[in-house]
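# Residue-level structural notes
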Amino acid sequence: MSQNGRLAVRFLCLGFLLLLAPWAQAALSVVTTTTDLKSLVEAVGGNRVSVVSLAPAGSDAEDYAPRPQDLDRLRDARIIVRVGLDYDLWLDRMLRQTGNPALMRGGAGHVDSSYAIVLLEVKGAGLSDGGHSHGAGNPHYWLDPANAEIITGNIAEALVRLDPANAKHYEQRRIDFLTRLEQRIRLWQTQLAPLAGKPLLTYHNNWPYFARRFRLNFVGTIEPRSGVAPSPAALSVLIRRMRDEQVSFIVRHPQDPARDVDFLARKAGARVAILAASVGDLPQAKDYFSLFDTNVAALTAAYSESKP
Amino acid sequence: MSHTILKALVTSAALATAFASLPATAQSLTVATRLPGKVHLLPATLETTQWGWFDNAQPPVLTIDSGDTVIMETMMHAHNQIVPGKTIEELKKLRTDNPGRGPHTLTGPIFVNDAEPGDVLKIKINRIVPRAYGTNFNIPGMFGQFPKEFQDGQVKYLYLDMQRKIAEFLPGIEIPLQPFPGTIGVARAEPGRYSSVPPGEFAGNMDIRELTEGATLYVPVWAKGGLLWSGDSHAAQGNGEVNLTAIETAYKELNVTVEVLKGIKLDMPRIETPTHWVTMGFDKDLNLAWDGAKAQTVKYLAEQRKISADEAAKLMPKVSDCRVSQVVNIKKGIHCMNPKDLKVKSIPERPIAETKDYLVTVGKDADANKAMDNASMALIELLQQKKGLTRLDSYALASMAMDCRVGEMTGEQKSIHCLLPKSLWVTAKK
Amino acid sequence: MKEAIELLSLPFFASLILIGIHCQFGLQVLKRNVVFVDLALAQSAALGATVGFMQGHLPLTIGAYAWSLGFAWGAALILSLIRHAPKGIPPEALVGVLYVATTAASLLLIEKAPQGAEHLKQILTGSVLTVSPDELVHVVPLYCTIGFLLWLAARRGWFAQAGMAGWLADLGFYAAFGIVVTSSVAMAGVLLVFSFLIIPALVGLLWANTVGRQLTIGWGVGGLAAAAGLVASYLLDTSTGATMVSSFALFLGAALGGRMLADNGWEMRRVGKLLGNLVAIVMLVSAGWFIAKPRADQPLLDALEASWPALRQAYFSPQEMEIHADAENYVKRYAAEVVRLTALEASSLWETSSVDDEKIRKISSFQQSYNEMIKGERFVMQETRSRARERLRWPLAWVLLCACLALLSFPSKRPGWLAARLPQLMKPTDRV
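Residues numbered from 1 in each chain as written. Chains lettered and ligands numbered in written order. Predicted model: local features only at pLDDT ≥ 70, side-chain atom pairs only at ≥ 80, totals over all residues. Heavy atoms only, no water.

## Considerations on the overall build of chain C
Scanning chain C from N- to C-terminus turns up 14 helices and zero strands. Mapped from its N terminus to its C terminus, chain C presents α and β elements in the order α-α-α-α-α-α-α-α-α-α-α-α-α-α. Counting across all 432 residues of chain C, residues that qualify as buried make up 45%. Within chain C, residue pairs in contact and separated by at least 24 positions form 78% of the contacts whose partners lie at least 6 positions apart. Per element, the accessible surface of chain C, about 22,100 Å² overall, is 71% carbon and sulfur. (Helix = DSSP H or I, 4+ residues; strand = E, 2+ residues; numbered from the N terminus. Buried < 20%, exposed > 50% of the residue type's maximum accessible area, 1.4 Å probe, protein only. Contact = heavy atoms within 4.5 Å. Areas by Shrake-Rupley, 256 points an atom, 1.4 Å probe, with all protein chains shown as cover.)

## Here's the deal with the sheet that holds strand β1 (residues 28-32) of chain A
Residue and element names in this part refer to chain A. Spatial strand order, β2-β1-β3-β4: four strands in an open sheet with parallel pairing. Here the strands that pair on one side only, and so sit at the sheet edges, are β2 (49-53) and β4 (110-112). Between one strand axis and the next, the sheet turns by 20° as a mean value, whatever way the strands run. As judged from the three bridges shared by β1 and strand β3 (residues 79-82), these two strands associate in the parallel manner. (Pairing = 2+ DSSP bridges. Axes fitted to C-alpha atoms, helices over the stretch in contact; angles between N-to-C directions.)

## Concerning the state of the cysteines
One pass over the full model with this rule turns up two disulfides over all chains. Here Cys322 of chain B engages in a disulfide with Cys336 of chain B; their sulfurs sit 2.1 Å apart. With the S-S dihedral at roughly 105°, the linkage between Cys322 of chain B and Cys336 of chain B falls on the right-handed side. Taken together, the residues span a long stretch of sequence, with Cys322 of chain B in strand β21 (residues 321-326) and Cys336 of chain B in strand β22 (residues 332-339) at a distance of 14 residues. Of the residues examined, Cys322 of chain B reaches a relative accessible area of 3% and is grouped as buried. Since its relative accessible area comes to 0%, Cys336 of chain B is described here as buried. Unpaired in terms of disulfides, Cys402 of chain C finds its nearest cysteine sulfur in Cys404 of chain C, a separation of 9.3 Å. When its relative accessible area of 45% is taken as the criterion, Cys402 of chain C is described as partly exposed. (Disulfide = S-S within 2.5 Å.)

## Some details on the packing of helix α1 (residues 2-32) of chain C against helix α6 (residues 163-188) of chain C
All names here are of chain C. One way to put it is that α1 packs onto α6 with a least axis distance of 11 Å and a crossing angle of 135°. Put simply, α1 runs oblique to α6. Crossing hand, α1 versus α6: left-handed. Judged by residue contacts, Leu18, Ile21, His22, Phe25, Gln28, Val29 and Arg32 of α1 engage Asp170, Phe173, Tyr174, Ala176, Phe177, Val180, Ser184, Met187 and Ala188 from α6. Broken down by class, the residue content of the contact of α1 with α6 amounts to 11 nonpolar, three polar and two charged. (Parallel < 35°, antiparallel > 145°, perpendicular 65-115°, else oblique. Left-handed = near helix turned anticlockwise from the far one by under 90°. Nonpolar A, V, L, I, M, F, W, Y, C, P; charged D, E, K, R; others polar.)

## Remarks on the pattern of salt bridges
What the rule picks out here adds up to 50 salt bridges over all chains. The salt bridge partner of Glu73 of chain B is Arg333 of chain C, with a shortest N-O separation of 2.7 Å. Of the two residues, Glu73 of chain B sits in the loop between β5 (69-72) and α4 (88-97) while Arg333 of chain C sits in helix α12 (residues 318-348), which places them in two different chains. In terms of burial, Glu73 of chain B and Arg333 of chain C fall into one category: buried. (Salt bridge = Lys/Arg side-chain N within 4 Å of Asp/Glu carboxyl O.)

## Details of the interface of chain C and chain A
With 48 residues of chain C in contact, the opposing surface of chain A contributes 49 residues. Three residues, Thr130, Leu349 and Trp350 of chain C, lead the burial of chain C against chain A; their summed loss comes to 17% of the area buried on that side. On the surface where chain C and chain A come into contact, there are four salt bridges. Residue Lys267 of chain A pairs with Glu6 of chain C through a salt bridge whose shortest N-O separation is 3.8 Å. Run the count over chain C and chain A and you get 13 residue pairs in polar contact (both at pLDDT 80 or more). Contributing elements (two or more residues each) for the side of chain C that touches chain A: α1, α5 (133-156), α6, α8 (211-236), α12 and α13 (357-409) of chain C. The leading source of residues in the side of chain C that touches chain A is α13 of chain C, at nine residues. Considered class by class, the residues forming the side of chain C that touches chain A number 13 nonpolar, 22 polar and 13 charged. (Buried area = accessible area lost by both parts, 1.4 Å probe. Polar contact = N/O pair within 3.5 Å; in protein donor to acceptor, adjacent residues only side chain to side chain.)

## A word on the environment of Val129 of chain B
Summarising the element assignment, Val129 of chain B is placed in strand β7 (residues 120-130). Taking the C-alpha atoms as reference points, Val129 of chain B and Lys252 of chain B, 123 residues apart in sequence, are found 5.6 Å from one another.

## A word on the sheet that holds strand β8 (residues 271-274) of chain A
Residue and element names in this part refer to chain A. Pairing is parallel across the open sheet formed by four strands, whose spatial order is β6-β5-β7-β8. Every interior strand has two partners, whereas the edge strands, β6 (217-221) and β8, have only one. For this sheet, the mean inter-axis angle between neighbouring strands, taken without regard to orientation, is 30°. Both strand β5 (residues 199-202) and β6 contribute to a ladder of four bridges, which runs parallel. Bridge pairing in β6 links Leu200 to Phe218. Across the sheet, helix α9 (residues 258-268) is in contact with β5, β7 (249-252) and β8; its angle to β7 comes to roughly 175°. With respect to the sheet, helix α10 (residues 288-306) is in contact with β5, β7 and β8, its orientation differing from that of β8 by roughly 170°.

## A closer look at the pairing of strand β12 (residues 180-185) of chain B
All names here are of chain B. Judged by how many residues are buried, β12 sits mostly within the fold: six of six residues are covered. In terms of strand pairing, β12 meets strand β16 (residues 226-236) through five bridges, oriented antiparallel. Residue Thr183 lies in a different strand from β16, and its bridge partner there is Gly231. Pairing geometry for β12 and strand β14 (residues 203-204), over two bridges, is antiparallel. Within the sheet, the bridge partner assigned to Ile184 lies in β14 and is Gly204.

## So, the packing of aromatic side chains
Under the criterion given, the structure shown has 31 aromatic pairs over all chains. Between the aromatic rings of Phe25 of chain C and Phe173 of chain C, the centroid separation amounts to 5.4 Å while the plane-to-plane angle is 50°, which identifies the pairing as tilted. Placement of Phe25 of chain C in helix α1 and of Phe173 of chain C in helix α6 is noted, with a sequence separation of 148 residues between them. With centroids separated by 4.5 Å and ring planes inclined at 20°, the aromatic side chains of Phe25 of chain C and Phe177 of chain C adopt a geometry described as stacked. Of this pair, Phe25 of chain C sits in helix α1 while Phe177 of chain C sits in helix α6, placing them 152 residues apart in sequence. By relative accessible area, which is 0% here, Phe25 of chain C ends up buried. Taken together, the ring pairs in this structure connect Phe177, Trp188, Trp207, Phe210, Phe214, Tyr288, Phe289 and Phe292 of chain A into an aromatic cluster. Note that Arg405 of chain B overlies the ring of Tyr358 of chain B, its terminal NZ or CZ placed 5.5 Å from the centroid. (Phe/Tyr/Trp six-rings, centres within 6.5 Å; stacked < 30°, edge-to-face > 60°. Lys NZ or Arg CZ within 6 Å of the ring centre and 35° of its normal.)

## Focus: the confidence of the model for chain C
It should be kept in mind that the predicted coordinates are not to be read in detail where pLDDT is low. In this model, chain C carries a mean pLDDT of 85, and residues with pLDDT of at least 70 account for 91%. When pLDDT is averaged over each helix and strand of chain C, the minimum, 53, is found for helix α14 (residues 417-426) of chain C and the maximum, 93, for α8 of chain C. (pLDDT = per-residue confidence, 0-100.)

## Notes on the nonpolar core
In terms of nonpolar packing, the biggest core is built from 83 residues, with Leu159, Phe177, Leu181, Phe210 and Leu299 of chain A touching the most fellow members. Counting only domains with at least three residues in this core, you end up with domain 1 (21-184) and domain 2 (196-306) of chain A. Leu159 of chain A has contacts with Leu28, Val30, Val44, Gly45, Val49, Ile79 and Tyr170 of chain A, leaving out every residue within four places of it along the chain. Formed by 79 residues, the second largest nonpolar core is a distinct cluster that contains Leu235 of chain A together with Ala40, Leu41 and Ala175 of chain C. (Core = buried A, V, L, I, M, F, W, Y, C linked by side-chain atoms within 4.5 Å. Domains from an automatic or database assignment.)

## Quick notes on the environment of Arg340 of chain C
In this fold, Arg340 of chain C is placed in helix α12. Considered as a pair, Arg340 of chain C and Gln367 of chain C are 27 residues apart in the sequence and their alpha carbons are 9.7 Å apart. Only 2.3 Å separates the side chain of Arg340 of chain C from the side chain of Glu47 of chain B, close enough to count as a polar contact.

## Some words on unusual backbone geometry
For the bond running from Gly108 of chain B to Pro109 of chain B, omega is 5°, close enough to zero to count as cis. Take Pro109 of chain B: it is sitting in strand β6 (residues 105-112). A positive phi is found at Glu121 of chain A, a non-glycine position, where the angle reads about 55°. As for its position among the elements, Glu121 of chain A is in the loop between β4 and α5 (148-162). One non-glycine residue, Ile330 of chain B, lies in positive phi territory at about 65°.

## Structural notes on a nonpolar patch on the surface
All names here are of chain C. A grouping of Val279, Val282, Met283, Leu300 and Leu304 is seen on the molecular surface, where their side chains present a nonpolar patch of about 430 Å² in accessible area. Contributions of two or more residues to the nonpolar patch are made by α10 (268-292) and α11 (299-307). Sort the elements by how many residues they give to the nonpolar patch and α10 lands first, with three residues. (Patch = residues over 30% accessible without salt bridge, like charges linked within 9 Å, V, L, I, M, F, W, Y side chains within 5 Å.)

Here is the structure:
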């Protein structure tokens, strides 16, 4: 083959690669603040998206301290999906640093997945300067599986906006996901039906949405405020309540201090169930479905143990 | 659905405490015996307020006779972003619709005995006593006339000095207070729930600042009993209400006397002030709102002066003083003030440049919406340049005190004149 | 009451045991001037537990304990070398560096840990309130042994030896301290253990010269402070660790004040004059601040008003009083509504059989409204107060000016009284 021929072949190859390049690049790069949202974006996007969660599995996303590489991840991202409310405030400063207007609040690639969620425990004392609403509501809304309908709606809307070519794909996947989810919710509801209305206690207040879906009666929270240990007076009230109302088990999530929970369980003769509040908190909770599978299993196990 | 909610919410004990806690001063301020008819107290609680919707199937919280007086209390509504919706389409629609302010909290509904569809409800505002504070918000990038330009939020609390009838906005800037209910209205004819945001033939969220103490609202009755609501209590508001909020407050007392008028034909609400009759029109498009207001005004002038419609249309520019009530409630509103005194032959000026008393900007465009946008934005910018206010303060001040007057509306170039009285700037007293 | 005793007796007993051993260590630590050594050791132990966790040992298992002890002893080795540090380098500085370095190392490791490593922080955040009997059973014999050895070492003067023997004694000291701190911090938390270590020992040092007496006083005061702290924490409904630390600090303050008085021969008149002068200075500064910024926070006036609201009558106009009281009533009413709504929402989560979004949204919106209105009423209360205070500004300035003029025209016979007395009162005594 002549020199020219080889060159031509090379060019052809290069051209072919360039043609392929859009395919290779086609995966829409999405950054989420938590693993739960990552799981939901994957559920909607499938192989057309590549998702990274800033807060890694098992970390406390509420107090996450961003790392330098996170800025790179954000720079490459086309969409950022966040929990919103007061949960991932640390993201705002990072977004300002990257300075990409599309990712800023109101930009095409900014998804606040709390939009249109029915919020619980809205204590908000109105807007403060900067328009941020403090006490905007309990942020653990992904723990009501039915809320996935709204969350994935917000996600799918943004995916379709930035990648209209795959709109059908995203919408179909979302519907498939929701259909499967609906069946599972019914299953979980039957599994948890014996626990409905039974009093239980939690360490951190991350369960109101979960409680609402499955009719669980959380009579109290051990920590009075996030990160504050209970006072002796509060503990003695809790112990009395546990004895009076026959609270038979306490839930905590792996990051919560074991000491206080074990102390109360010891004093009142209750069981402790360790639940995952986010995907990846427990090794079994690998994605959004197994998150609930794990929790439902842990709750029913603790309940059957607690029965005399 | 709503019935079950109400049943779930009503607890007699709570209602009793609410009545007991109605401040004694509110009652002592008004000498009850001097008020016409029987006097009813209606405090605002979870049970006596509706949230976000007008629904003519809503069970009334109070029943009165024609001629009775009601002393209502109102709540401030949260400027939250609570929105319904689940499917992608619904979510998309919510975003594009720009749903206006979050649902209002409205005290009511009040059932008026004998009020039948086709009658007119005459609501005389005897007295308004606001709480001593008011707020003005800008919710970032969400609502208002210019959400894109104002991505940042601000909230200001203002002390309402009801003795001097002013609120100090910034040192040396005092806004005169003129409390009026932003929303007061009756149920629609159609069954079902309707957002409380857009105004209409049932009155509602009119945001017409002429409806103050001493004024009377005439509103057609569309459902049995009328079903009267009020909320969105304002202490002062600019014509245009551009950042979505006036000086928002809660009323300790909104004192109204309600009468049923039979045998009067009315298709749109009207307001009577001591000197004027106010006619109005609403539509998503300001051009069409103008058409509506014009039709109502022509009709009124023809009735008042017993002239033909054509003559009334010719007379209208000379005697009817039309203003842009608001442009942020989904349906924009224009209202026209028609003098009772037939001798009046002119309307207040439509200046095109700054005058002795006013800062002035003018917007001209074939489209009235654009003319309004241009005029109000120009005034917001003027305030920054001339008076050195911050962007958000200018936006807020314009929303609370600007007066947008309708100028030429017939030709190719429609014009809106936005004025801001220089008298707001007082020499610093401290 | 029975409940309180049931709840507090075990923590009190645990505190006594912890004070018993830590006071002994505290005296040594103060002598060596390595006050923060417990923090450094505890953090090293936490670092060890983190490493253990990454090797697959869950916290609170034998494996994890072995790792933490290993790291604590490693730190002990480094600490024992401090006595050989070059001259002029304060040992405290090196201890501090060891602390921050181990903290940083464990933070970095936690970040890299696969998952769930966050609960390692539990190692450093014990709470004496929730101590279990098992924990105490484990540590009591250990502490007794170590305590006895420490007493022996101090009595025999092992630590004072030079050369190899002295270094070995030091190594033993830090190693033993490492064991103690690792378990005590897991029981009572870093803050409280630090107080147990330093404060009783300081009080002992203040009031006695011999080690035996210092220990006795330290133990006694420590026990009292712990009891006071626990009871206060119960009565005031505050978190136990922080309340106990405050109680210890108060006891230390009292001991210091007493010591100063004793050194001055209990002359109450002088103290009274000093206090009088202090009050005068505080009042003068407050008045000055008031005249400069009547709208700003006025700590003294605010505190007086909070504890004695009738004070407002002195400078509010009747109308302002009325507005203020009205707003206060509304705050109460709205707050009650918020409480009611919160309860309604909580019960609606599980009581009704259907999920009613509409009702929840209404409750949310109303909660926000009420909270906004509460904010508004509070703003009114503050505004009326500010307006009243602004009115008070110039009259007060005149009064102050007149007072100053009066003082100037009648100068004190003994100028510089305060300046002359202060150093004398503050001067440390010769006693060490």
